[in-house]
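Descriptive structure summary
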Amino acid sequence: MVADPLNERSYFVDKNAAFDIHSIEQAEFKPFAKRLNIGYELAPIWIRLRVTPGTQSASAADNLPSGHLVLRTGPHDVNQIDVYEFNNGEWRRRTAGDLYSDSETWCADDYYCFRLHDHSTQPKTLYLRIQTYNFLMFDSDVIALENIPVVSSNRMKRIAASLTMAAFLLAIGFYLLSKHRSKLTVVYVIFQISVLSYLLNIYGFPERWFPHLSASIIDAMPHLLFILRTLLMAVAVYVVIRPYCDAPLYPKLMTVVVVGCIVNFIAFFAGFKVFAIQFNLIVFAVQPTVHLYGLLTSKGMVKNVRILLYTGYLIYCVLLAGSIIPAMLVNEIGTFDGSVQNITDWRLNGAILGVFVILLIKFEEDYREKVSNEKLNQLQMDALEAKSSAALLADRNTLIDLLTHDLKNPLGTITFASRALREQLRNDPSATKRLTNIDLSVTRMNNLIEHVAVSTRVDRYSPPSNQLLSPALELIDELIENYDAPERFDVKVDVKTIFKADRDMLSVVFGNLIDNAYKYGHAAGKISIEVTSAQPRDSSQRSERTAETQPEIVQVKISNTIGTFGAPDRERVFERYYRPSSTMNIPGMGLGLSLVKAAAAKIGATVHYSRDEETVTFSVEVPN
């Protein structure tokens, strides 16, 4: 490499824009190192470069082309750079910047290059006038023309690494999206697209690819994409933490972050570009703290995800504290040289966040796969248990059928023998009393067997394909005709009312309700049975003829006066095997009302229980 000239740099902020190239020598310049870090400054900034060319052999000097020294400045997103070089007795100005499209000033990388006209070996002075609303971290260096390829290649390697990393992470994002679409993968893909677009814009590719594109659009795109990147980064982490965080403050803080990004978009388009850019950088720096609060208040988070988020927050704070925050807070940072030189640095351009999000997705998918496998195993176990239970139920039903049949036959024989003995011993009071006890025991056993048989029939019930119509009056008369005191029944049934439900299940429902009212109601009280037709609330949409001939609901109310046994507990009335303590001396198993509830459910009917001081009422609504 050829020896580069010695560069002595100093700067001056022209707060009042009072100087031009002819008066700038009177300004008080302050020295700085290779990079000028001065934050946000709208006023013109003058840079003075005192260049002392290096010593070279005469043969080498003879072979040097005209303009062998090159001024290399950047970054690319500076709005306007005016370069003043004194040549042939006057100051000559050349201009570059992202608001000025001029391919002659482009370096091989994303910086601007100016070949100097004065190629003498004498010391020379250059002035640069910079004006931009961006966060200014400015490079300026005069080097030998022969060294440009080496210097540019180092920068191009860095650019290539950033773009390759962003493109690679985007490709992984599309792969994850195709494999498992979730909120996190969708947000991540959009985020990585914004990162890649942002990098292409800050490196000046759209300007090279689309030379006719408006300079204002080229200038605005990086800032809008950076605001979008801030928003998407916040949303991506929020999607991970929110399912585990119940703290009401966390979504509110996240709303503030989102609103801040939206305000930045609006402010930028409204012309308040500097405010939008500065405020977005604050949001960019502060929003991880919001997620830290959500992380600290979360519960049940996957261990690997929690560790990864804590680690990512720590790394982010280290990078932020070593670069952007000092650059924002220190007033005069001419020689500031942070660990991260620019927010466009590859360590802050989304590469780290992209890697972390990919790991988050992987951990989340591993966890989901684990939960899915556990659910699958549980379903398989449940299926085996269900199959085993079905086999046991079938065996139980078969056994009940056999017992019912085999027990009923001996009971029938006992009943027949008891009646024969009663006829022979009707003059023996003691024997008659014993036979009466036998008959009561047989009746009780027969009722128990019948209840078990009905319960089994209800459990095994399946709706028939063709449902027969059952006139309501006919069904009720059939159920009450065998009682010893039919005068206790007060029946009110519309003769046109019919049931379109299974008659067997209806008999179980109404038969048990009537039997309970007869046994436990007041012996001298009436048992009211009222059957009416009712229309659903949307019956107005149906034709009048249909409403009259095909009622949608049949309501059945069975009421009785409370007897000496009292009324059942409202909370336990339909509980299987429940019987009030006052009825323990009456034969029964407490299955009747539970069978009513089960049989009603089989045909889609509903049963309600109510009571007042004197009356117990069961209401049944049967859909037709």
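The structure this text deals with has already been given above.
Residues numbered from 1 in each chain as written. Predicted model: local features only at pLDDT ≥ 70, side-chain atom pairs only at ≥ 80, totals over all residues. Heavy atoms only, no water.

Moving on, we get to the overall build of the protein chain. Along the protein chain, the regular secondary structure elements total 15 helices and 17 strands. Burial analysis of the protein chain (624 residues in total) assigns 46% to the buried set. Looking at the protein chain alone, contacts between residues at least 24 apart form 74% of all its contacts between residues at least 6 apart. A total of about 32,900 Å² of accessible surface is found on the protein chain, and carbon and sulfur atoms cover 58% of it. (Helix = DSSP H or I, 4+ residues; strand = E, 2+ residues; numbered from the N terminus. Buried < 20%, exposed > 50% of the residue type's maximum accessible area, 1.4 Å probe, protein only. Contact = heavy atoms within 4.5 Å. Areas by Shrake-Rupley, 256 points an atom, 1.4 Å probe, with all protein chains shown as cover.)

A separate point is the packing of helix α3 (residues 183–202) against helix α5 (residues 215–241). Closest axis-to-axis distance for the α3/α5 pair is 9 Å, and the angle between their directions is 155°. Accordingly, the angle class assigned to the pair α3 and α5 is roughly antiparallel. Helix-helix and strand crossings are classified by hand; for α3 and α5 the assignment is left-handed. Here α3 contributes Lys 183, Leu 184, Val 187, Ile 190, Phe 191, Ser 194, Val 195, Ser 197, Tyr 198, Asn 201 and Ile 202 to the contact with α5, which in turn contributes Met 221, Pro 222, Leu 225, Phe 226, Leu 228, Arg 229, Leu 232, Met 233, Val 235, Ala 236, Val 239 and Val 240. A breakdown of the residues in the contact of α3 with α5 according to their chemical character gives 18 nonpolar, three polar and two charged. (Axes fitted to C-alpha atoms, helices over the stretch in contact; angles between N-to-C directions. Parallel < 35°, antiparallel > 145°, perpendicular 65-115°, else oblique. Left-handed = near helix turned anticlockwise from the far one by under 90°. Nonpolar A, V, L, I, M, F, W, Y, C, P; charged D, E, K, R; others polar.)

Turning our attention to the side chain of Thr 105. For Thr 105, the position within the fold is in the loop between β7 (90–96) and β8 (112–115). Classification of Thr 105 by relative accessible area gives buried; the value is 6%. Ignoring anything within four residues of it in the chain, the contact list for Thr 105 reads Thr 95, Ala 96, Tyr 111, Tyr 112, Cys 113 and Phe 114.

What follows covers the packing of aromatic side chains. Tallying each qualifying case throughout the model produces 19 aromatic pairs. Aromatic pair Tyr 238 and Tyr 250: ring centres 5.2 Å apart, planes at 40°, arrangement tilted. With Tyr 238 in helix α5 and Tyr 250 in helix α6 (residues 249–269), this pair connects stretches of sequence that are twelve residues apart. Of the two residues, Tyr 238 and Tyr 250, both sit in the buried class. Relative to Phe 279, the ring of Phe 275 lies with its centre 5.6 Å away and its plane at 5°, an arrangement referred to as stacked. Taken together, the positions of Phe 275 and Phe 279, both in helix α7 (residues 273–296) and four residues apart, correspond to about one turn of that helix. Sitting over the ring of Tyr 518, Arg 488 keeps its end group 4.8 Å from the ring centre. One cation-aromatic arrangement involves Lys 597 over Phe 574; the distance from NZ or CZ to the ring centre is 4.7 Å. (Phe/Tyr/Trp six-rings, centres within 6.5 Å; stacked < 30°, edge-to-face > 60°. Lys NZ or Arg CZ within 6 Å of the ring centre and 35° of its normal.)

A complete count under the given rule lists one disulfide for this structure. One disulfide in the model links Cys 107 with Cys 113; its S-S distance is 1.7 Å. Linking Cys 107 and Cys 113, the disulfide has an S-S dihedral of approximately 105° and is accordingly described as right-handed. The class of Cys 113 is buried, set by a relative accessible area of 13%. (Disulfide = S-S within 2.5 Å.)

Read from one edge of the open sheet, four strands run β3-β10-β5-β8, paired in antiparallel fashion. The sheet is open, and its two borders are formed by β3 (35–40) and β8, each paired with just one other strand. Going from strand to strand, the sheet's axes swing by 20° on average, the running direction of each strand aside. Across the sheet, helix α2 (residues 148–179) is in contact with β5 (69–74), β8 and β10 (135–144); its angle to β5 comes to roughly 15°. (Pairing = 2+ DSSP bridges.)

Glancing now at the environment of Phe 114. By the secondary structure assignment, Phe 114 is in strand β8. When its relative accessible area of 1% is taken as the criterion, Phe 114 is described as buried. Separated by 41 residues in sequence, Phe 114 and Thr 73 place their C-alpha atoms 8.5 Å apart. Those residues in contact with Phe 114, other than ones at most four positions away along the chain, are Leu 69, Val 70, Leu 71, Thr 73, Val 83, Arg 94, Ala 96 and Thr 105.

On to the side chain of Asn 79, then. Within the secondary structure, Asn 79 is located in the loop between β5 and β6 (80–87). Within the local environment of Asn 79, its side chain forms a polar contact with the side chain of Asp 98, the two groups lying 3.2 Å apart. Excluding residues within four positions of it along the chain, Asn 79 makes contact with Ala 96, Gly 97, Asp 98, Leu 99, Tyr 100, Gln 131, Thr 132, Tyr 133, Asn 134 and Asp 219. (Polar contact = N/O pair within 3.5 Å; in protein donor to acceptor, adjacent residues only side chain to side chain.)

Evaluated as defined, the whole model comprises eleven salt bridges. A salt bridge links Arg 9 to Asp 141, with the shortest nitrogen-to-oxygen separation between them at 2.9 Å. One end of the pair, Arg 9, is in strand β1 (residues 6–13); the other, Asp 141, is in strand β10, with 132 residues separating them in the sequence. Per residue, the accessibility class of Arg 9 equals that of Asp 141, and both read buried. The shortest N-O distance in the salt bridge between Glu 478 and Arg 503 comes to 2.8 Å. (Salt bridge = Lys/Arg side-chain N within 4 Å of Asp/Glu carboxyl O.)

Strand pairing in a sheet takes place through backbone hydrogen bonds and is either antiparallel or parallel in direction. As summarised here, the arrangement of the five strands in space is β12-β14-β15-β17-β16, forming an open sheet in which the pairing is mixed. Sheet topology places β12 (489–493) and β16 (606–611) at the edges, where each strand pairs with a single neighbour. When the angles between neighbouring strand axes are averaged without regard to direction, this sheet yields 15°. Strands β12 and β14 (527–534) of the sheet are contacted by helix α12 (residues 472–480), whose axis makes an angle of about 165° with β12.

What follows deals with a nonpolar patch on the surface. Residues Trp 209, Phe 210, Leu 213 and Ile 217 make up a contiguous nonpolar surface patch of roughly 410 Å² in combined accessible area. With respect to the helices and strands, Leu 213 occurs in the loop between α4 (205–209) and α5. Overall, the relative accessible area of 36% leaves Leu 213 in the partly exposed class. (Patch = residues over 30% accessible without salt bridge, like charges linked within 9 Å, V, L, I, M, F, W, Y side chains within 5 Å.)

Okay, the nonpolar core next. By size, the foremost hydrophobic cluster in this structure holds 51 residues, and its most contacted members are Leu 199, Ile 241, Met 301, Val 305, Leu 309 and Leu 360. Broken down by secondary-structure element, the contributors of at least two residues to this core are β10, α2, α3, α5, α6, α7, α8 (303–321) and α10 (351–424). Here this core takes ten residues from α5, the largest share from any one element. Those residues in contact with Ile 241, other than ones at most four positions away along the chain, are Tyr 250, His 291, Gly 294, Leu 295, Met 301 and Leu 309. By size, the runner-up hydrophobic cluster in this structure holds 46 residues, among which are Val 454, Met 505, Ile 514 and Ala 605. (Core = buried A, V, L, I, M, F, W, Y, C linked by side-chain atoms within 4.5 Å.)

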